[in-house]
Each structure stands twice: as C-alpha cells, then as structure tokens.
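Chain residues, written in single-letter form:
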Amino acid sequence: MKFAVRFAWTCGLLLLAALLLGITPPGRAAPASLYFGETGHRLDGSFLQYWQTHGDLAQFGYPLTPAFYEGAYLVQYFERNRFELHPENAGTPYEVLLGLLGSERLAASRLALPPETAQPGGQFFPATGYSVGGAFLQYWQTHGGLAQFGYPRSPQMPDEGRTVQYFERARLELHPENAGTPYYVLLTLLGYDRARKLDPVLLTPWAANPPPVQLNIEGIQSGGSVEALTRLRVTSDTAGELRVLGGDNRQYAAYAAYAGQPISLMVAGAVGRQSLVLMRDGQVAAARWAAFELRPPQTAIVTGDPVWDGLYARVKGFLEKDLAVYDSPLDGRPVRGYRSPDTPFIWLRDHVYQSKGFKFFEPDMKGTLDYFGQTQRPDGSFDDYFQYYRGYEVYKAQIEVEADREFLFVEGVWTAWQVTGDDEWLRAKLPLMERGLEHTFSDPKRWSAELGLVKRAFTIDTWDFEQGSSGDQIRRSLDDQTRWSIMHGDNTGAYAAARRLAEIERYFGRSAEAARWDERAVRLLQNLNKLAWNGSFYTHQVHLTPIDPTGVDEKTQLSLSNAYALNRGTLDQSQAAVLLRTYQARRVANANKIFAEWYSIDPPFPQGFGPPGEYVNGGVMPLVGGELARGAFAYGFETYGVDILRRYWELLDRTGGSYLWYHPDGKPGIGTDATLPTDGWGSAAMLNALIEGLAGVVDQSRLYQQVALSPRWAAAECNQGRVSLVYGTSGAYFAYDWQRHPDGSLSLGWGGGSTRSVSLSLLLPPQITNVRQVWLNNALVPFKVEKLENSLYLKVELPGSGQLVITS
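In this report, we go over the structure that sits alongside the text. On a predicted model such as this, the values are computed, not experimentally measured, just so you know. (Residues numbered from 1 in each chain as written. Predicted model: local features only at pLDDT ≥ 70, side-chain atom pairs only at ≥ 80, totals over all residues. Heavy atoms only, no water.)

**Re the overall build of the protein**
- For the protein, the count of helices and strands is 20 helices and 46 strands.
- Over its C-alpha atoms, taken along the principal directions, the protein stretches across nearly 105 × 75 × 45 Å.
- Counting contacts in the protein only where the partners sit at least 6 residues apart, residues at least 24 apart contribute 62% of the total.
- For the protein, the exposed area adds up to about 32,700 Å²; of that, 51% sits on carbon and sulfur atoms.
- Between the averaged position of the 75 positive side-chain charges in the protein and that of its 86 negative side-chain charges there is a distance of 3 Å. (Helix = DSSP H or I, 4+ residues; strand = E, 2+ residues; numbered from the N terminus. Contact = heavy atoms within 4.5 Å. Areas by Shrake-Rupley, 256 points an atom, 1.4 Å probe, with all protein chains shown as cover. Lys, Arg positive; Asp, Glu negative; His and termini not counted. Charge placed at Lys NZ, Arg CZ, Asp CG, Glu CD.)

Given below as structure tokens:
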C-alpha cells in the first residue's frame, strides 16, 4: 500500500479534514471511533483519546495500521510516530506513550555524532549531553516538550540534505522554503518509514463498514499458549483467506476460508503472540490479534523408539562435560570452547567438529572462532590449539604437519553464522577466511604447484604426527627431512571450504571473487580424482617423497577421511555408492577381527605409528561411524545408516560412555587416567547423522530460512517422527511432524520461526511404489518421484510452513 507523504499542512486543509473525518470540535461529545478513508484504518479507545488531546492530525498524521501487539504492548503506527499502550501505567498520563522512533532511527543510521557542550541561547540537557536552540527549541517548547519528544539525542546537524536534530521520540527538520510560516520546523515521518518494514497484511486497508465476522478457535482459550506444530480448528462465518501472523507479526501461513467450514491450522512461525487476519476482496474483514501464544520450542525428537528419542539428550550430556571456559583471553572476555577427551586444550578441529552438536544449546558460538581469528598468523595460517589459565597464556601452538586448520576455520565460521544469523560478524570474518584458504592454495609448505593439490607430511590421514624415517620416530615439524605426500582428506576439506567461501562471497554480492573460488575448487577436485581415486576409495597417501617399506600394501589402506568425503560434496552417486559398499564389504570380511568398520585406517601400519589396532593406527572411531552414517542416508543406503546409529547406541550402553577410539574388540581406548568418556567429536558426528540424515533437516542458509527436508523414518520402520530443532544462541527453530497412517497415506506438517522455503525429498516406505496425489493445505500440488539406489523419494518444493498429505 502506498501512503501519501505529507510534510506541510495549511490551517484550511486541517479544518476541512477535521470536518470530513468527524473530529470533534470543542464542546461536542468525542466519538468512540474514527475511520480514515485515506489509509483505510480506524482509531478508537485510548489511542483515539491520546491522538485527539495531543495534537491529532498535525502532530501525528494518519493511522497506517490497526492496533496490534508488538511484543508485550499493543501498538498502532501513525505517519509520524507509534503509539504504545502500557497497562502498567493505567490511570496515569503515561498509559499511552510514544515509541522511541527517534532513538531507533538514529541507532540504525550509525551517524558519527560530534561531542557538544552547552550552546549560548539554547537549553542544555545533561541527561544526554546535547543542547536544543533556535527554531528547534521554540518548536519543542510549544508542541509538547519533554513529554512529547523526549530528550535530544544529537546536536543540530546536517543529515539527508537538511538540518535536523534527533530526539528520543522524533526527528525535527528545518525547512527554509517554509520560513515565516508555521511549517518552518516539521516532524520527520518516522512512523511511516518504520511501518513500511512491517508485513503488508498490517498495512492493508480495512473496509469502512465491514459486516460483523466471527473468527472462532477451538482447542485453546483466547490468548492461551501452545507448542509448535499444534493443530487448531479455526472457523469463520465469512468466506475469504485466513492469514496467520507469527510472534514477529510476519505472515507464515495462509488458508482458504469457507463460511462455516473448519480450517485445520498448524501453529508455526515466530515465537510469541500470534494473530489471525481474515482477508476479503482485498481488504481486511476481521482480525484476532494475539489470538494465542507460541511457546519457545525445545530441541527434541519423538518417534516412540528410545534410540532416536534419547540420542540428543545423551550426546548433549557428553558435550556439556567437554566445555572449557578460559578467563579473559579475548579483549577481557572469557572464551567458551569444546575440548578433546584427552587434553584440556581447545583445539580448532575438535571445537569445529563438535559444533555439529553443541549448536543446539551453546549460547556463545563466536568466541572461540574470534580467538583463532584474532591470532591468525601473517601468512594466513591458524594455530592448532590454545589454553589459558587465570588470564595467563599457558600454551598455544601450531603443529606444522597439519594441513586442515584453514578449511576448518571456514567450516566453523559458516556454522556459527548459520546459528546466529549475524551478517556483520560473517563479513568481518571473510578476509580471515580468504587469507587462510589463500595460504592453503599457495604456500609452498602446503601446496604442490606441480599437482595443483594440498600436500602434507607422511601422517596417518589427517592426524598430527609424521612417521619418521627411522621407524618409530615421531615428527611434527617440517624440514628437509620431511617426507611429502598428498592426503585426500586435506583436499576434500579444501574443496568444501572453497565452495563454501564462494557461497559466502555471492551472499555479499562479490560474484567475481565467488567465481574464482569455485574455479579453484573444481580444478582441485579434478586433480584429486585423477591422482588418488582408485575406483573404490581415495588412496590413503600418494607419496611425493620416496619412502622406506612400511610393511603394508598402502594401496589397500582405507583411511578415515574417506568417510568425510561422503559429506563434503566431492563424490558423485557412483563414487559414493562404491565407497559405501567397500565399507560394508570390509565389515563382513573383518567380522572376526574388529567389532565395527569405523576404521581410522584399515589395514593398520605394523610399525612407525604406534601399535596396530590402537588410536589412529587402526582403532575404531565413532567420528568415522557418524560421517559414514550421514553419507549412507544421503546416497540411498538408509538402512545402513540406521544400523550404524543403532550399533553406536549399543556401544554407549556397553561401555558407559563415548570414547575417541576403541580397540578392535570394543574395549575403550583410554590413554591416561584423565581421558574423558565423553568424546564430543564422535558423538556429535553421530548426532549429526541422526538430525541431518535420518530426521533429514539441513539448514541451507541461516536461521533455518531455507531448509532441505528429507525425513527418512520409513527406513527405521517408524510410524511417526516429530522433530523440533532449536539453535541455542538465537532461538531460531524448525519443526515438523511426519506420520504414516493405517490407510497407507503419509502426512507432514512443518514450519519454523523464519523459514521461507522448504525443498522436500521424502523417503517413501517400501510399500508405496506409486504416489497418486499430493495435497498442500487442501490443494493439489505437482510432485516428482525419483529413485536413489533402491529407494524412492517424493520431491516437492514447499513454502516455509504448511501441511502435506500424500496418498498412494
């Protein structure tokens, strides 16, 4: 809706408007309600009384919205301000207050305000440190003063081509073209500017004399609270379109309304007071403001199966014991990070990998990454770890043989941005990420220019020690004795980070930079597949420096980063399928030797890297199992993913905790008496396989605004799956309710606080081989069914909230 911009008024026009609008002349009884045809909105009650007694049209302009709730208060927007009803001040002159739109506008402008002292001929306000003088002071004094405008928040200054001064509740403008008239000083249309950002339904005009409309809600008392995905029955005695507004007053759902026919409304949208608005013939016919309240959701999965219903709580308990808080290492602020189970240091890789789990409850997602960013080295590389004690730096270091820090920093920043939605923080981290990956793609100690690939010393996969030339010697530095290799995991990680960085560059409108990183990623992956893909998996190390015999056929070694490759976007379907079958085949072949195929490396080295079958030299690692399960779900091996997660649950029961690694017989790998049975790296990977794999919720942007949804509960033989996921620091959530009904149909309801779109890829139960119809909010929608390995998936593009019914 467009509003006329009105900066000046004449007395004749004001009088005419008053007569046409029915504004009460002195001595007459005040009307109970006024309708303004110019904007299509009504003014009544306490807001009408305040409007009439504090300057009416000249002071506030026309109403631009109905009265509705913003947070705890009933508000109504006018051209020049916002009225707020404060029940705590009932019976006092402060029951209706003006919104602090001047302060809000000033904060949003980010103007650099010069300091000021008391000015001659003006009035100085110590409360804010600014003076008001001249025409602004005269206007302020004659039009309501402190009660009307509040304190000055800026000096008199140029802004947007005019001389202005900000006050708490207004901005005054000087109009030289009106010198000598009452319109020399005018109020900025702050209410108009703020109202333009509201949901369009709030600006839609109402009918002048709408017929009475009944909007009834069954199943809850007026104003009562419900949880996300609650289904309510709403009935209207008038046909139209029912729009549902979340606690942020943004529309998140719309339903066709037929007179007398109940609507099944599924509650989603933003937490807080929600409203119903009935539209008819392009106008608002009725509304129920603050009709009910959505309670803040909690992260939970409910299926009726104790494994799926209990895994989040179990992993959360592990991660809470892995929290390390160090005093004041970062600008006087403590840093909260997540440690490994065998050292109190905060390692960048452990912290980033564990963020797959702690993002659902951790309030500080940025502090540890701020620290690593602040201590980035001049060449663009990062430290591996740090530890502080009582404000004194005990230790921080970089292990030279590592080649994963820089791509892990990108992954960590991306996750923290998804959870917080903080664009400015992401923008500030962008140069750090660019320098870090530039180091990876160019530094002679990291990059093989001849092969166009990331290189490292001869280590076991991504671990932090090199096999020395004398056999058992352990090396962590790079020198002229370093034996160089190409390790696939460094390269799949660098590929994923370059792709992610390209996505961030595009988000900020930097298309040329994005194209450059995309091109680098594509070339790197081509080079890696040509050199290291052996037809079944990535070869462990391709040696650049000749090595002594290691006592094992290295071409047969299946190392842990192969599982990561499944989830870094580096494999096509045929590669992923053969890799997953390779793991399954080794599980069968080694069944009498090892209890799970989650190998750190198989077969292990007989010498040089510690005893075979221990730690990273052949130990069993849940972190590998979690990545393997996540990949299994993504590539059509759903029952294999279910099997891995069930075996992990049984392992937790059997060993009483989650350990970084296990011996082949299942005995926990305990390095010292200080080893914690709360491995967050592996448990977070397993939890991620449950959430993104089996439950199938992938945040493709930030704050669940764009979701890839793929419920795979049919693979676990469940008949229901109710999922609610909440980010701990922002409260952003996404929830859905999937059900398989006795008649063979499937239903799905979904929504989130800020979800705008959902790409659905729903695993169909084996019994469904043909989908007949798909109904979205009681209307038929187009769909596709696609095959992935032996599985069938229903694919539909969906809005941010709704209800789906699938019949076969």
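**With respect to the packing of helix α9 (residues 306-321) against helix α19 (residues 638-655)**
- For the pair α9 and α19, interaxial distance at closest approach is 11 Å and the crossing angle is 55°. Considered as vectors, α9 and α19 are oriented oblique to each other. As for the relative orientation of α9 and α19, their crossing is left-handed in sense. Each of P306, V307, W308, G310, L311, R314 and F318 in α9 lies in contact with α19, whose residues at this interface are V642, L645, R646, Y648, W649, L652 and D653.
- Residue classes in the contact of α9 with α19 are distributed as ten nonpolar, one polar and three charged. (Axes fitted to C-alpha atoms, helices over the stretch in contact; angles between N-to-C directions. Parallel < 35°, antiparallel > 145°, perpendicular 65-115°, else oblique. Left-handed = near helix turned anticlockwise from the far one by under 90°. Nonpolar A, V, L, I, M, F, W, Y, C, P; charged D, E, K, R; others polar.)

**Concerning the sheet that holds strand β4 (residues 73-77)**
- Strand order in the open sheet formed by four strands is β3-β4-β5-β6, and the pairing between neighbours is antiparallel. Looking at the sheet topology across the chains shown, the edges are occupied by β3 (68-70) and β6 (96-98). Geometrically, the sheet is characterised by an average inter-axis angle of 40° between neighbouring strands, direction not taken into account.
- Bridging between β3 and β4 involves three bridges; their strand directions are antiparallel. Across the sheet, residue Y69 finds its bridge partner in β4, namely L74. (Pairing = 2+ DSSP bridges.)

**Description of the pairing of strand β41 (residues 757-763)**
- The buried fraction of β41 amounts to five of the seven residues, a majority that puts the element mostly inside the structure.
- One ladder, built from four bridges, connects strand β37 (residues 706-709) with β41; its direction is parallel. Residue pairing in the sheet places V707 in a bridge with V758 of β41.
- In this structure, β41 lies alongside strand β45 (residues 791-799), joined through seven bridges in antiparallel fashion. Counted as the bridge partner of S759 is E797 from β45. (Buried < 20%, exposed > 50% of the residue type's maximum accessible area, 1.4 Å probe, protein only.)

**Section: helix α18 (residues 622-634)**
- Taking 1.5 Å of rise per residue, 13 residues should cover 18 Å, and α18 covers 18 Å from first to last C-alpha, within 8% of that figure.
- Among the 13 residues in α18, twelve count as buried, and that is most of the element.
- Along α18, the residues that are buried comprise P622, L623, V624, G625, G626, E627, L628, A629, R630, G631, A632 and F633.
- Taken from the residues just after α18, G636 is the one with a positive phi, measuring 90°. (Expected span 1.5 Å × (residues − 1).)

**Overview of the side chain of H351**
- Relative to the elements of secondary structure, H351 occurs in helix α10 (residues 348-358).
- A distance of 3.2 Å separates the side chain of H351 from the backbone nitrogen of Y338, its partner in a polar contact.
- Discounting residues that sit within four places of it in the chain, H351 has contacts with R336, G337, Y338, I346, F358 and T368. (Polar contact = N/O pair within 3.5 Å; in protein donor to acceptor, adjacent residues only side chain to side chain.)

**Observations concerning the packing of aromatic side chains**
- The full count for this structure, using the stated rule, is 43 aromatic pairs.
- The interplanar angle of 5° and the centroid separation of 5.7 Å between the aromatic rings of W463 and W681 together place this pair among those described as stacked. Of this pair, W463 sits in the loop between β29 (456-457) and β30 (466-467) while W681 sits in helix α20 (residues 680-694), and the two are 218 residues apart along the sequence.
- The exposure class assigned to W463 is buried, which follows from its relative accessible area of 7%.
- Taking the relative accessible area as the measure of exposure, W681 reaches 4% and is therefore buried. (Phe/Tyr/Trp six-rings, centres within 6.5 Å; stacked < 30°, edge-to-face > 60°.)

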